[in-house]
Amino acid sequence: MPQQKTILRALAGETLPTPPIWMMRQAGRYLPEYKATRAQAGDFLSLCYNPELAAEVTLQPIRRYGFDAAILFADILLLPQALGADLWFVTGEGPRLSTITDQAGLDKLGPVDEIDAVLSPVYETVKILSRELPADTTLIGFAGAPWTVATYMIAGQGTPDQGPAHALKNENRPVFEALLAKITAGTIHYLSRQIDAGAEVVKIFDSWAGSLEGKDFVRYAIEPAREITAALKAKYPHIPVIAFPRGAGHRYEGLHAAIGADCIALDDGVTPNWAAGHVQIDGCVQGNLASRHMVTGGKDLIRETRKVVQAFSNGPHIFNLGHGITPDADPANVQLMIDTVRGI
Ligand code: 1CP
């Protein structure tokens, strides 16, 4: 049967007259309706583990803007929690986790095949969404990439330079690599269950890939993403994979083949013209308008949005931001971006 959903067509390599659109963090604090539902849930984690409310916040930006894809509302840090790490969120600061710095910490984690005991509400959210989404909207499941997830599990919080994770990598490589292997196995299991529940595409977020240098980038960013993609493709050959090694810079070149992904998501550290010539020539790309335009709006937003659309117009492209939309964004600027992409 020919594929009708625009996102799936772009992921299959089709060049469309208008790129399909969605936005990283499209369900989030810039939307008043998100804040209301989050308040109803009590806190962020309760929202993630409440299938009805998590489905509701996933649907909010679809109702408001008619995006071509919905992304499951959850967080990359639910997997560490399911593996046995303590996880909590400090209001106004962000996530906190118990830390892993040695073999003893690693040994405290539970087996991969027991993560569903914690994660089953997430699969329930996916099931609700696959029933309730409009027929032309694609449902994207996701997980963090092993390196990015490890940076939080090692440091116990977000870090500007991923210092603690680099330190463990350099000082105790066996423990570091065993942790990455565990997260990789957990991610394959977690994404498989999301697909079983109805996710039509999966995305692997490697937000901190850019801080890996030289061989480390290959070993700890490309290789785990390749392994996850290969395992999923063996079981679900028809499910497209989007890889997002944020901050890869010129190393974005060749990543479709190196990872085996159907789409490479680009941050705004590379220009659309460069990426069209060096990355999109190998397949679908996603991105890469700078998120700040959702705050600043106006003529700059229109000009830069057109630049992205124009640069990628000769190949498969999914319009997106270079990173997540921020809480201080103006919802009206999102509409202006969509209207500009769609030529309204
Ligand atoms: O207070 C709130 O309501 C929490 C804000 C928030 C939201 C809306 C967090 C905390 N996570 C999320 C949802 C989320 N996180 C989604 C849902 C789907 C959507 O995009 O709409 C997704 C895909 C993520 C992924 C995620 N979580 C990443 C990878 C992408 C990225 O932004 O780089 C990362 C690094 C996280 C960790 C995380 N979760 C939340 C915060 C504030 C952070 C970053 C913490 C830090 O580094 O300090």
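In short, a report on the structure. Quick caveat, the model's predicted, so the values are computed rather than measured.

How each quantity is defined
Residues numbered from 1 in each chain as written. Predicted model: local features only at pLDDT ≥ 70, side-chain atom pairs only at ≥ 80, totals over all residues. Heavy atoms only, no water. Near = heavy atom within 4 Å. Polar contact = N/O pair within 3.5 Å; in protein donor to acceptor, adjacent residues only side chain to side chain. Areas by Shrake-Rupley, 256 points an atom, 1.4 Å probe, with all protein chains shown as cover. Nonpolar A, V, L, I, M, F, W, Y, C, P; charged D, E, K, R; others polar. Pairing = 2+ DSSP bridges. Helix = DSSP H or I, 4+ residues; strand = E, 2+ residues; numbered from the N terminus. Axes fitted to C-alpha atoms, helices over the stretch in contact; angles between N-to-C directions. Buried < 20%, exposed > 50% of the residue type's maximum accessible area, 1.4 Å probe, protein only. Contact = heavy atoms within 4.5 Å. Phe/Tyr/Trp six-rings, centres within 6.5 Å; stacked < 30°, edge-to-face > 60°. Arc of directions from axis to C-beta. Core = buried A, V, L, I, M, F, W, Y, C linked by side-chain atoms within 4.5 Å. Parallel < 35°, antiparallel > 145°, perpendicular 65-115°, else oblique. Salt bridge = Lys/Arg side-chain N within 4 Å of Asp/Glu carboxyl O.

1. Topic: the site of the ligand
Taken together, 23 residues form the shell around the ligand, and within it R25, Y34, R38, Y152 and S207 come nearest. R38 places a side-chain nitrogen or oxygen 2.5 Å from an oxygen atom of the ligand. Between the ligand and Y152 there is a distance of 2.5 Å, counted from an oxygen atom to a side-chain nitrogen or oxygen. Protein chains shield 88% of the accessible area of the ligand, which is 900 Å² for the free molecule. Considered class by class, the residues forming the shell around the ligand number 15 nonpolar, 4 polar and 4 charged.

2. Looking at the sheet that holds strand 4 (residues 138-144)
With parallel pairing, 7 strands are arranged side by side in an open sheet as 1-4-5-6-7-8-9. Each edge of the open sheet is held by one strand with a lone partner, namely strand 1 (69-71) and strand 9 (317-321). Each adjacent strand pair in this sheet contributes to an overall mean axis angle of 25°, direction not counted.

3. What about helix 16 (residues 331-341)?
Buried within helix 16 are the following residues: P331, N333, V334, M337, I338, T340 and V341. On the buried face of helix 16, the contacting elements are helix 4 (51-65), strand 8 (284-289), helix 14 (293-296), helix 15 (298-311) and strand 9. A distance of 2.9 Å separates the backbone nitrogen of A332 from a side-chain oxygen at the start of helix 16, and that oxygen is part of D330. Just past helix 16, the residue G343 takes up positive phi, approximately 70°.

4. A word on the side chain of T125
Among the secondary structure elements, T125 is positioned in helix 7 (residues 116-132). Once you skip the residues sitting within four places of it in the chain, T125 turns out to touch P51, A54, A55 and L72.

5. A look at the packing of aromatic side chains
A complete count under the given rule lists 9 aromatic pairs for this structure. Aromatic pair F176 and Y220: ring centres 4.9 Å apart, planes at 90°, arrangement edge-to-face. Here the residue F176 occupies a position in helix 10 (residues 173-197), and Y220 occupies one in helix 11 (residues 215-235), the gap between them amounting to 44 residues. Among the residues examined, F176 registers a relative accessible area of 0% and is labelled buried.

6. As for helix 2 (residues 32-41)
Looking at helix 2, one finds that the buried residues are Y34, T37 and A41. What you see down the axis of helix 2 is that its buried residues fit within an arc of 70°, all on one side. In helix 2, the exposed positions that point more than 90 degrees away from the buried face belong to A39 and Q40. In the core, the buried residues of helix 2 are packed alongside helix 3 (44-48) and helix 4. Looking one or two residues beyond helix 2, the residue adopting positive phi is G42, at roughly 105°.

7. Quick look at the nonpolar core
With 124 residues, the main nonpolar core has Y190, M294, V334 and M337 as its most contacted residues. Top element by residues in this core is helix 10. It accounts for 10 residues. With near-sequence residues (within four places) excluded, M337 lies in contact with I21, M23, L289, M294, L301, T305, F319 and L321.

8. Quick notes on the environment of I183
Relative to the helices and strands, I183 resides in helix 10. Residue classification places I183 among the buried residues on the basis of a relative accessible area of 0%. The sequence separation of I183 and L79 amounts to 104 residues, and the corresponding C-alpha distance is 8.1 Å. Once residues within four sequence positions are removed from consideration, I183 is found in contact with L79, P146, V149, A150 and M153.

9. Things to note about unusual backbone geometry
A cis geometry characterises the amide bond from G287 onward to N288, with omega recorded as -15°. By secondary structure assignment, the location of N288 is in strand 8. Here the phi dihedral of R25 falls at roughly 60°; this positive angle occurs in a residue that is not glycine. Mapped onto the fold, R25 is located in the loop between helix 1 (6-11) and helix 2.

10. Some remarks on the packing of helix 8 (residues 146-155) against helix 9 (residues 163-171)
Taken N-terminus to C-terminus, the directions of helix 8 and helix 9 make an angle of 95°; their axes are 8 Å apart at the nearest point. Our classification of the angle between helix 8 and helix 9 gives roughly perpendicular. Of helix 9, the residues touching helix 8 (which contributes W147, T151, I154 and A155) are P164, A165, H166 and L168. Here the contact of helix 8 with helix 9 is built from residues that sort into 6 nonpolar, 2 polar and no charged.

11. Describing the pattern of salt bridges
Opposite charge on two side chains lets them pair, provided their charged atoms get close. Enumeration over the complete set of coordinates arrives at 14 salt bridges. Its salt-bridge partner being K5, residue E200 comes within 2.7 Å of it at the nearest N-O pair. On the criterion of sequence distance, the pair formed by E200 in the loop between helix 10 and strand 5 (201-206) and K5 in the segment before helix 1 is long-range, its members being 195 residues apart. Residue classification places E200 among the partly exposed positions, given a relative accessible area of 21%. Two residues, R64 and E33, come together in a salt bridge whose shortest N-O distance is 2.9 Å. Of this pair, R64 sits in helix 4 while E33 sits in helix 2, and the two are 31 residues apart along the sequence. For E33, a relative accessible area of 23% corresponds to the partly exposed category.

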